[in-house]
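Secondary and tertiary structure notes
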There are 4 protein chains.
Amino acid sequence: MSGNTFGSLFTVTTFGESHGPAIGCIVDGCPPGLELSEADIQPELDRRKPGTSRHVTQRQEADRVEILSGVYEGKTTGTPIALLIRNEDQRSKDYGNIVETFRPGHADFTYWNKYGIRDPRGGGRSSARLTAPVVGAAAIAKKWLFQKFGTTFHGGMTQLGEIVIPFSSWDFAAQNPFFAPTNDADVIANLESYMDNLRKDGDSIGARIDVVANNVPVGLGEPIYDKLDAEIAYAMMGINAVKGVEIGAGFASIAQRGSEHGDEITAEGFQSNNSGGILGGISTGQEIRVSMAIKPTSSIRTPKRSIDKLGNPVMVETFGRHDPCVGIRATPIAEAMLALVLMDHALRHRAQCADVKVD
Amino acid sequence: MSGNTFGSLFTVTTFGESHGPAIGCIVDGCPPGLELSEADIQPELDRRKPGTSRHVTQRQEADRVEILSGVYEGKTTGTPIALLIRNEDQRSKDYGNIVETFRPGHADFTYWNKYGIRDPRGGGRSSARLTAPVVGAAAIAKKWLFQKFGTTFHGGMTQLGEIVIPFSSWDFAAQNPFFAPTNDADVIANLESYMDNLRKDGDSIGARIDVVANNVPVGLGEPIYDKLDAEIAYAMMGINAVKGVEIGAGFASIAQRGSEHGDEITAEGFQSNNSGGILGGISTGQEIRVSMAIKPTSSIRTPKRSIDKLGNPVMVETFGRHDPCVGIRATPIAEAMLALVLMDHALRHRAQCADVKVD
Amino acid sequence: MSGNTFGSLFTVTTFGESHGPAIGCIVDGCPPGLELSEADIQPELDRRKPGTSRHVTQRQEADRVEILSGVYEGKTTGTPIALLIRNEDQRSKDYGNIVETFRPGHADFTYWNKYGIRDPRGGGRSSARLTAPVVGAAAIAKKWLFQKFGTTFHGGMTQLGEIVIPFSSWDFAAQNPFFAPTNDADVIANLESYMDNLRKDGDSIGARIDVVANNVPVGLGEPIYDKLDAEIAYAMMGINAVKGVEIGAGFASIAQRGSEHGDEITAEGFQSNNSGGILGGISTGQEIRVSMAIKPTSSIRTPKRSIDKLGNPVMVETFGRHDPCVGIRATPIAEAMLALVLMDHALRHRAQCADVKVD
Amino acid sequence: MSGNTFGSLFTVTTFGESHGPAIGCIVDGCPPGLELSEADIQPELDRRKPGTSRHVTQRQEADRVEILSGVYEGKTTGTPIALLIRNEDQRSKDYGNIVETFRPGHADFTYWNKYGIRDPRGGGRSSARLTAPVVGAAAIAKKWLFQKFGTTFHGGMTQLGEIVIPFSSWDFAAQNPFFAPTNDADVIANLESYMDNLRKDGDSIGARIDVVANNVPVGLGEPIYDKLDAEIAYAMMGINAVKGVEIGAGFASIAQRGSEHGDEITAEGFQSNNSGGILGGISTGQEIRVSMAIKPTSSIRTPKRSIDKLGNPVMVETFGRHDPCVGIRATPIAEAMLALVLMDHALRHRAQCADVKVD
């Protein structure tokens, strides 16, 4: 209820702060009998981890995951799976100068007012570092969904600032530091120089991230509130820095007519996907399509006006190690959240509807 | 868990179908001692109800609400408040011809596949009629929030198809059939003729709806999953036909630099509101700003291809009474969902943080 | 969260007060496709209803149930099932003289202190009348469990005051006004004269109720907190007037040795049932055995000392219509709660473990 | 939903198995600003830990707790508090001979049938060792409740087998290895010789444990399902080996008359406590009184009949290190569960009723 648990039947309860001794989570509700080891989880954490290119934060974290429970002789037992990641490169002193001030665009002001506590260590609990345990948990969900339904997840950055990135294939997203779904060398070079200039300016930039899921069974989603699209919106908007979420045609729907928007069905299946794979809050079996807007990082070297805890005016410049575009590392996180939503709804669906036959 | 309850501490559990005998809800968790009668609820239902202009469905429903419990001698008792609304204009036979087919863009296909049941009566449970109990429940939340914090809600249509509606004042939204926040007669006339033409075409159109809340206390929202923006996204995306949600600068954040986006703070308060009143998932005390995309109505007279339950191809034209732009009546619904989110988080906040002092 | 919802996947949310216009509930999570009509529910309500013998309250209520939603063409649709029961014999004025005082043994004192509201109408929300919607909801669970697993429920009164009632067969419980599982006419006559004397004394008495479930599948229950026995204890202790709950050997376990208590297993199955059909919080497939203590009714004519809202001493005698032994009507309620627990756990079990094969 | 989280607003999610690498929990919902360090938690764990006398298991565990998150500069921050306890004396090989058989009275049979997994390592997840994290979490709740309301907890063993232990003072419970609330040397000597004989017999025995809470504020508990007594029953029955729970007069209520049972109130307060401090599911402000029956340990050296996974008959004798009376170490666990229930309801109460004034 205090917001640190994601999901209802497949739950992920996380703990930890950016610069505390450790972060981690408890995954509850995983079906028993799934083959699982750290080797299934580590690759997803490696996709997300910092320090992998000059365009992201230089914090050095191995993000090595340890499974503490819930697995016996290589298989899940149906009991809680605890994941532990020790923080290795915490530097509390980096943040010493900001203890008494509220950094613009950050959660400092709101945490202080809500909890009466100001944990200045790298954003404390509000740091994007806390997405690591979720990515670990989602690796379990991804494996189960793939084994059960063949479900796959892909995603990438489709816009950086004003630069719209042309789509070629999700496969290319793994081949450049931006998760850009293209193998066009000019585009990548353009992104690189854009980021290099940005860093020189001491500034940051927003981005658009798209994620998709394929081979999603029809029928997932619980109307009328826990609709699949509602839960996806909740999951995505909850990712640090996300300011907007679209499903399918999204905001383009505003200018569409019904004669255009409603996806026709033939014996071969749906003929378009304006719905983004969800109708009435329930999956159609088509590709689930989600797009999101990520705001520019708030930690920048450019000075901005703010106040301290006593209300006195101050100027804030943020040094330390920060992502100049948090969107760059957001793809594996967004995939993870989508996987968690689908996993949860797969279990919820069979709780109520396991006996349904429609043939 | 089957998705028919909204909220966690201030919960609204709804029931009913578009053409069943009645719809309604149970509101649980309302603080005791609030003065409450049907007269507090009916005006909100009247704002949402059908048949109020030629631009919306002509279904005739008084949407008269009856309080069945939870109020004694004019005050809430702290026990569940049940609201009952009898359906008066149900016409099951209108839908006789669509029992065996899946209307494009509708939930027919997904409900059939999920539940093995095809309730053809006006969309059954998936009908937007089911937003009526929520609007009723939210009237209670609005009253409590206003008495407690002075919180107020406003909203309106800011785009109809390609027509961007200029903003003058939310007060004007009550003075035209579109909830348009303008008193410019030319704009209204333009909207009217646009809708008239659309009806002649047997087609439908999308819209953009904005809602805001003012005098929201700082500190509402539960990181790191039940963030206030995440919960708002969940609430809004769960409204029928919504395909996209933005908070604050929303998708415009993509092209913003950090030096522009991060809202500066001075002794006079925040100097801009790109955050939409939420930082780190917690309310800042500024205006909460939400925008959403609503797809065009799927029920149109224009024929579209589909299949029946056996997979045979059919052409579908939908007659009966439908809103050609569901966005028109969406404003009170979106306000209601925002009020429910804030109410729930106001209670959640004081559960954990009632003793916090920051002065 | 305010305590008016029972269950997690098969949920029953109730509303209403003893002397308000109506009581009822919303049942959410029922699997679709179950044949259901009022005729399935009414008989269970009739078993519980008041006024059926001279040994219970003379309040006259038909307790006629109306299904408002969730059923289409005689089958459940998977959407919420709302049950409505209008109160017919409410007499607010009966309680006029107790508005300002706290009746000993009643919830008056605690409701007043918790909510700041004193609803004197027959105990308001705390009345045992509020078990009626639950009994209705449980009729749905019972039907589904019987169709799915052949699960059956039985129960009865096994002790009235000091009188231990010898057990013959649960079938006899339906043949006397006490739900006594015996057809011994002398025993029944003894109970009748005991109750007649009690009524003359203006006093009340406690009772022991036992309930069992047979053909419960092995594997229900979620360790380590939502154990099946823990949830049964919660369900039973939540029934009005219950002060103690036992599973299997119960308090007799204290004096047992391990060599006696642990139920041996042979190829024919378990050789005893000290466990009450639950080991490690999970059903064994044996009979589930539950026993509970019910306190004497607090509403008696015998005067007792109390205070009023201002703290002044008063003497309280309670007139009106009351059960001199609330245990008499408790059997169908206890069966109902057991059915709801099993139903909920049947759905929870298959959510996580639908794929488990142990043969 | 898979049963590994206790509580609704102050939640404890545990993980771990008896002989895995570590056990622990995440405590969510703790109010911010509470002074907290390991020194507040360790003493409670020490009261529960094994190996402290010859009458309990000789497993050697320091049960050293590490706080991984949620505390900054000695105070809780309002974010999740993770507690980690490394297992130090796990001996998986002790259990090698029982992998294929189901020990009578144990959860082996039910876990196997539920999950299709047989974790033979000391009962795996079903071991009473998993109460350690809960005791740790409850230390936080106890501290908060004491600071806020002055609430205190006491408990002890009041019966061992047939030996009823006379009550002198809860203070004495800390002064003997049985948590017996007496300083009568003869009674203690009697208990010691009883246990010594039992060990020689290779057998085990049941016990009765009582726990109380004082200075509990009036008004805690959420009718009509999450009543305080219902939640206490759930908490206690969920403790390993508990088979019965009583509140206040408990099963003695059966033979009581209403004229005796209903606690009278005078200006000095309640004149008796048959209610056990709870009326209508809400705390009265009196002492909360709970009693429970604990079955004899199932792990005994005396051979008993059982079957293996293939259904073949086997004889089972359990060697290894076991408590001959699990009731001996149950007192701190029962206190812990009571503290967690009260903590959770203290937060729930103020969510809904923070504004209530009754004076």
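Residues numbered from 1 in each chain as written. Chains lettered and ligands numbered in written order. Predicted model: local features only at pLDDT ≥ 70, side-chain atom pairs only at ≥ 80, totals over all residues.

**Quick look at the interface of chain B and chain C**
Quite often, the size of an interface is put as the accessible area lost when its parts meet. Taken together, the contacts link 34 residues of chain B with 34 residues of chain C. Among the elements of the structure, strand 2 (11–16) and strand 3 (22–28) of chain B are those that each provide at least two residues to the side of chain B that touches chain C. Residues that form the side of chain B that touches chain C fall into these classes: 13 nonpolar, 16 polar and five charged. (Contact = placed C-beta atoms within 7 Å. Helix = DSSP H or I, 4+ residues; strand = E, 2+ residues; numbered from the N terminus. Nonpolar A, V, L, I, M, F, W, Y, C, P; charged D, E, K, R; others polar.)

**Details of the interface of chain B and chain A**
Contacts between the two partners involve 94 residues from chain B, matched on the other side by 95 residues from chain A. Among the elements that line the side of chain B that touches chain A, the one with the most residues is helix 2 (residues 108–115) of chain B, at seven residues. As paired elements, strand 11 (residues 242–247) of chain A and strand 11 (residues 242–247) of chain B share three bridges and run antiparallel to each other. Along strand 11 of chain B, the bridge assignment pairs Gly244 of chain A with Glu246 of chain B. (Pairing = 2+ DSSP bridges.)

**What to know about the UniProt feature "binding site: NADP(+)" (unreviewed entry) in chain A**
Residue and element names in this part refer to chain A. The feature "binding site: NADP(+)" (unreviewed entry), as given by UniProt, occupies Arg48 and Arg54 in the numbering adopted here. Mapped onto the fold, Arg48 is located in helix 1 (residues 38–48). The class for Arg48 is buried, based on 22 C-beta atoms found within 10 Å. As for its placement among the helices and strands, Arg54 is situated in the loop between helix 1 and strand 4 (65–67). (UniProt positions renumbered as here; feature names shortened; annotations may be inferred. Buried ≥ 20, exposed ≤ 12 C-beta atoms within 10 Å, placed from the backbone.)

**Details of the sheet that holds strand 1 (residues 5–6) of chain C**
Residue and element names in this part refer to chain C. In spatial order, the strands read 1-2-3-7-4; together these five strands make up an open sheet with antiparallel pairing. Across the chains shown, the open sheet's two edge strands, defined by having one partner strand only, are strand 1 and strand 4 (65–67). As paired elements, strand 1 and strand 2 (residues 11–16) share two bridges and run antiparallel to each other. From the neighbouring strand, Thr5 faces strand 2, where its bridge partner is Thr13. Strands in contact with helix 3 (residues 131–149) are strand 1, strand 2, strand 3 (22–28), strand 4 and strand 7 (81–86); relative to strand 3, the strand with the most contacts, it is inclined by about 30°. (Axes fitted to C-alpha atoms, helices over the stretch in contact; angles between N-to-C directions.)

**A closer look at the relation of the copies chain B and chain C**
Mapping chain B onto chain C calls for a screw motion: a turn of 180° about the axis and a shift of 0.0 Å along it, with 0.0 Å RMSD after fitting. Overall, the copies show the geometry of a two-fold rotation axis. Mapped onto chain C, 100% of the interface residues of chain B are again interface residues, and the two copies thus contact each other with one and the same surface. (Least-squares fit on C-alpha atoms with pLDDT ≥ 70 in both.)

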